[in-house]
Amino acid sequence: MIELIPAIDIIDGKCVRLTKGDYSQKTVYNDNPVEVAIQLEGMGFKRLHIVDLDGAKSHHIVNIDILRNITTATNLVVDFGGGIKTQDDIRAAFENGASMVTIGSIAVTQPEMFAEWLEEFGADRIILGADVRNGKISINGWKEDSTEKLLPFLEYYIKKGVKNILCTEISKDGTLSGPATELYKEIMEAYPGINLIASGGVSQMSDIEELDRSNIPSVVFGKALYEGKITKEEIKAKLNQQNPAI
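Let me sum up the structure you'll find in this document. Owing to the predicted nature of the structure, the values given are computational and were not obtained by experimental measurement.

Rules behind the numbers
Residues numbered from 1 in each chain as written. Predicted model: local features only at pLDDT ≥ 70, side-chain atom pairs only at ≥ 80, totals over all residues. Heavy atoms only, no water. Helix = DSSP H or I, 4+ residues; strand = E, 2+ residues; numbered from the N terminus. Buried < 20%, exposed > 50% of the residue type's maximum accessible area, 1.4 Å probe, protein only. Contact = heavy atoms within 4.5 Å. Arc of directions from axis to C-beta. Patch = residues over 30% accessible without salt bridge, like charges linked within 9 Å, V, L, I, M, F, W, Y side chains within 5 Å. Areas by Shrake-Rupley, 256 points an atom, 1.4 Å probe, with all protein chains shown as cover. Salt bridge = Lys/Arg side-chain N within 4 Å of Asp/Glu carboxyl O. Lys, Arg positive; Asp, Glu negative; His and termini not counted. Charge placed at Lys NZ, Arg CZ, Asp CG, Glu CD. Polar contact = N/O pair within 3.5 Å; in protein donor to acceptor, adjacent residues only side chain to side chain.

Below, the discussion takes up the environment of Leu48. Positionally, Leu48 belongs in strand 4 (residues 47-52). Note on Leu48: relative accessible area 0%, which makes it buried. Here the alpha-carbon distance between Leu48 and Ala7, two residues 41 residues apart in the chain, equals 6.0 Å. Discounting residues that sit within four places of it in the chain, Leu48 has contacts with Ile5, Pro6, Ala7, Ile8, Ala37, Leu40, Ile70, Leu76, Val77, Val78 and Asp79.

See the structure below:
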């Protein structure tokens, strides 16, 4: 059964969504991300994906206070990404309530350091961010494309012990055009033991059902939920399948 993970992306302290990672194509959905997190928990979600888009753009964590406020106000299991460039950044995220951190750019630019973090903090607490555009890994808030091809990049880190991978197909992100299901199936066929978190393009509950039928372990989504393309009733029904006590 696929795990449902809503996303809160933060710019200027507000809950937003971008289209294809373009900061000029920004939609603000709520001025208070903490309020959104409380609402998501009330819908029955157990997990939350937070992206500090200010941090991703400025190369250091910016919205640590919002992380702390969300983890204080809810019991959500939070993974936090955006602007994590140092060991101190990771510690700050954990000290402010994150259960896991998502790291992408450093895995490309400083692989030895990323491997050290895996060793120090544990593979259960580190999510490898593999954001892909035209088959190559993008870095620094998707502003740059690296020369790293997706599958060899994943294989390298899986051999290093990575268990959790968040893969965003950038051309799909924020477009409500449907997820890159074939890409995620290809990844799972190559590396069936990983916890793959699919991200980008979810437009309706049928997209999530398709990912579920394709045995994709987890999915992150936001815009479809904020714009009512996926309803609270549909979420409740899906979560009830996973846990009848909800």
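Further notes follow.
This brings us to helix 9 (residues 205-213). For helix 9, every residue scored as buried is listed here: Met205, Asp207, Ile208, Leu211 and Asp212. Burial along helix 9 is one-sided: seen end-on, the buried residues are contained in an arc of 155 degrees. Elements in contact with the buried residues of helix 9: strand 1 (3-11), helix 8 (181-190), strand 11 (195-199), strand 12 (218-221) and helix 11 (232-242). Downstream of helix 9 by one or two residues, Asn215 has phi in the positive range, about 65 degrees.

On to a positive patch on the surface, then. A surface patch of positive charge is lined by Lys14, Lys26, Lys57 and Lys143. When you line up the elements, Lys26 lands in strand 3 (residues 22-30). Residue class for Lys26 comes out partly exposed when judged on its relative accessible area of 38%.

Moving on, we get to the side chain of Ser203. Topologically, Ser203 is positioned in the loop between strand 11 and helix 9. A distance of 2.6 Å separates the side chain of Ser203 from the side chain of Asp207, its partner in a polar contact. In this view, Ser203 contacts Leu176, Ser177, Gly178, Ala224 and Lys229; residues no more than four positions away in its chain are not counted.

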